Amino acid sequence: MHDVCHDNGMDGGFILQGSAWVFGDQLDADWQICSLDRLAELKDRGIPLTAETLGKYCLEGVDREFPQQVSQGDILVAGENVGYSNACLDGDPEDPHLIGAASMALKGVGIAAVLCQSANATFLRNSLHHGLPVVECREIKGKVRKADILRIDLARGLIVNSSTGGQCLFTPYPPFLLEMVRAGGVYAQLDRRGQNGNH
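Residues numbered from 1 in each chain as written. Predicted model: local features only at pLDDT ≥ 70, side-chain atom pairs only at ≥ 80, totals over all residues. Heavy atoms only, no water.

Student: Could you give me a rundown of the nonpolar core, with the residues and numbers involved?
Tutor: Residues Leu59, Phe66, Leu76, Leu106, Val114 and Phe123 are the most contacted members of the largest nonpolar core, which totals 31 residues. Contributing elements (two or more residues each) for this core: helix H1 (29-33), helix H2 (36-44), helix H3 (51-55), strand E3 (75-78), helix H5 (101-109) and strand E4 (113-116). For this core, the element with the most residues is H5, which contributes six residues. Residue contacts for Val114: discarding those within four places in its chain leaves Leu76, Val82, Leu106, Phe123, Leu132, Pro133, Val134 and Val135. Core analysis: the next-biggest nonpolar cluster, separate from the first, contains 25 residues, Ile75, Leu115, Ile140 and Leu150 among them. (Core = buried A, V, L, I, M, F, W, Y, C linked by side-chain atoms within 4.5 Å. Buried < 20%, exposed > 50% of the residue type's maximum accessible area, 1.4 Å probe, protein only. Helix = DSSP H or I, 4+ residues; strand = E, 2+ residues; numbered from the N terminus. Contact = heavy atoms within 4.5 Å.)

Student: Outline the pairing of strand E7 (residues 158-161), listing residues and values.
Tutor: Note: strand E6 (residues 149-153) against E7, four bridges, orientation antiparallel. Of the residues in E7, the one forming a bridge with Leu150 is Asn161. Where E6 folds back onto E7 in an antiparallel hairpin, the turn is made up of four residues, including Gly157, whose phi is positive at roughly 70 degrees. With three bridges connecting them, E7 and strand E8 (residues 167-169) associate as antiparallel partners. Looking at the pairing, Val160 lines up with Gln167 of E8. In this antiparallel pair of consecutive strands, E7 and E8, the connection spans five residues, and Gly165 shows a positive phi of 85 degrees. (Pairing = 2+ DSSP bridges.)

Student: Talk me through the pattern of salt bridges; I want residue IDs and the actual numbers.
Tutor: A side chain with one charge may pair with a side chain of the opposite charge, provided their charged atoms come close. Evaluation of the coordinates by the stated rule reveals eight salt bridges. For Lys141, the salt bridge goes to Asp25, with nearest N and O atoms at 3.7 Å. Of this pair, Lys141 sits in the loop between strand E5 (134-136) and E6 while Asp25 is found in the loop between strand E2 (14-22) and H1, placing the two residues 116 residues apart along the sequence. According to the relative accessible area criterion, Lys141 is exposed, its value standing at 55%. The partly exposed category is assigned to Asp25, whose relative accessible area is 38%. One salt bridge connects Asp148 with Arg145, and the closest N-O pair in it is separated by 3.3 Å. The exposure class of Asp148 is buried, given its relative accessible area of 4%. Three or more residues joined by partner-sharing salt bridges are found here, namely Arg38, Glu41, Arg45 and Glu60. (Salt bridge = Lys/Arg side-chain N within 4 Å of Asp/Glu carboxyl O.)

Student: Report on the packing of aromatic side chains, specifying residues and quantitative values.
Tutor: According to the stated counting rule, one finds two aromatic pairs in the structure shown. Residues Trp21 and Phe66 carry aromatic rings whose centres are separated by 4.9 Å and whose planes lie at 85 degrees to one another, so their mutual orientation is edge-to-face. Taken as a pair, Trp21 in strand E2 and Phe66 in helix H4 (residues 66-69) lie far apart in primary sequence, 45 residues in all. Taking the centre distance of 5.7 Å and the plane angle of 80 degrees together, the rings of Phe23 and Phe66 count as edge-to-face. One end of the pair, Phe23, is in the loop between E2 and H1; the other, Phe66, is in helix H4, and 43 residues separate them in sequence. Across the pair, Phe66 and Phe23 agree in class, each one buried. Through pairs of rings, three or more aromatic residues link up here, namely Trp21, Phe23 and Phe66. (Phe/Tyr/Trp six-rings, centres within 6.5 Å; stacked < 30°, edge-to-face > 60°.)

Have a look at this one:
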């Protein structure tokens, strides 16, 4: 079961539910989530770097079957420093962090949220900009198995493992971030405001 529930109550609730995919620490944005080599190949072939295209190759170097087996709405669970980079591309016009390639790949393959002990700041920002919630919860390690059904309440700061009954708390998303995620990211949010004549 993979759901996104928009609660219309006063708290502006936003609940995600999906199956877990579990990975370890130090999940690299540039060589594991979205390979720089794959990005270069796609560019050389003149293929636009859309979320849907990047999703076809997401985490292929870690789990070759991952892009084919993910269901829309699944949740990625990992350990420390998710989305870090050791590529040293700051200032490079081809820097994939400028477009948030790793975040795009995860969203494009169908991942609805990233749940981790900690996340790289740039990856966290890029993910939110693309409408992909990243939830940091120190207690999550060892409490989720592959295919467990997770329910994440972004407004209340609560994770429920429906498969085991376990729960974890995290800092709730403030209203402005809930609004951003609900809109599909800051880019979609700005496009919508522009179309409505709001600046």
